[in-house]
Amino acid sequence: MQTQKAQKIDLSVDYPCPCHRRGNLTPIALTEAFGCNRCQRIFVVQESGYVIEELSTNYPYKKAWRWTGNQWSTAHSGLGRAYLPLTLIIIFGVVFLLLVTTLQSPLSSSMTFRAIAALVLSAMLVLMLWLACRR
Ligand SMILES: [Zn+2]
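Let us look at the pattern of salt bridges. Applying the stated criterion across every chain yields a total of one salt bridge. Here arginine 41 makes a salt bridge to glutamate 54, at a shortest N to O gap of 3.3 Å. In this pair, arginine 41 sits in the loop between strand E3 (33-36) and strand E4 (42-46) while glutamate 54 sits in strand E5 (residues 51-54), placing the two residues 13 residues apart along the sequence. The partly exposed category is assigned to arginine 41, whose relative accessible area is 26%. Exposure remark for glutamate 54: the relative accessible area of 12% places this residue in the buried category.

What follows is the structure in structure tokens.
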């Protein structure tokens with residue numbers, strides 16, 4: 001656990017990149033954002049300047065960090081890591097139910113077949129989501 005107090009992020013200062021130790025974050029002019037010169041990621045300053053959040057299309061999980069004075073510490077933001085397993089279980093349940101009720105097979109209309117097919121498909125979807133979120 002990080003006990004160091006988070007410090008306000010200064011947009012005129014260069015910080016190390018939270019993803020790559022050798023990367024440097026440089027402020028992007030006229031925005032409240034930093035860009036990394038190594039991994040080309042964009043980090044937006046959030047929460048009144050105490051948190052940077054990776055600009056990403058990878059919802060619902062977005063990475064965020066707090067500056068403790070000499071290093072970044074992971075911050076949970078929004079539907080962060082804490083809610084990820086719950087979110088995945090809910091998605092799994094919804095997709096499973098949807099597939100069970102909508103799957104039609106010309107070969108077999110048995111409930112068992114539909115249940116197994118739905119289970120496999122929803123498991124694959126959740127696995128893909130989980131892998132995407134865990135990068
Ligand atoms: Zn970087």
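Now that the structure has been shown, we can carry on.
Our next topic: the coordination of the zinc ion. Each protein donor to the zinc ion is listed here as Cys17 (SG), Cys36 (SG) and Cys39 (SG); together their distances run 2.2 to 2.3 Å. Positions of the donor residues of the zinc ion along the chain correspond to the pattern C-x18-C-x2-C. Of this pair, cysteine 17 sits in the loop between strand E1 (15-16) and strand E2 (24-27) while cysteine 36 sits in strand E3, placing them 19 residues apart in sequence.

Turning to helix H1 (residues 84-102), a few remarks are in order. For H1, which comprises 19 residues, the first-to-last C-alpha distance of 27 Å matches the rise-based estimate of 27 Å (1.5 Å per residue) to within 8%. When H1 is considered as a whole, its buried residues turn out to be Leu84, Leu88, Val95, Leu99 and Val100. What you see down the axis of H1 is that its buried residues fit within an arc of 130 degrees, all on one side. The exposed set on the far side of H1, more than 90 degrees from its buried face, consists of Ile89, Leu97 and Thr101.

It is worth spelling out the sheet that holds E5 at this point. Strand order in the open sheet formed by seven strands is E1-E2-E3-E4-E5-E6-E7, and the pairing between neighbours is antiparallel. Two strands in the sheet have a free side with no partner beyond their single neighbour: E1 and strand E7 (72-75). Note: E2 against E3, three bridges, orientation antiparallel. Across the sheet, threonine 26 pairs through a bridge with glycine 35, a residue of E3.

What counts as what
- Residues numbered from 1 in each chain as written.
- Predicted model: local features only at pLDDT ≥ 70, side-chain atom pairs only at ≥ 80, totals over all residues.
- Heavy atoms only, no water.
- Salt bridge = Lys/Arg side-chain N within 4 Å of Asp/Glu carboxyl O.
- Helix = DSSP H or I, 4+ residues; strand = E, 2+ residues; numbered from the N terminus.
- Buried < 20%, exposed > 50% of the residue type's maximum accessible area, 1.4 Å probe, protein only.
- Donors = N, O, S within 2.8 Å, 3.2 Å for Na, K, Ca; no water.
- Expected span 1.5 Å × (residues − 1).
- Arc of directions from axis to C-beta.
- Pairing = 2+ DSSP bridges.

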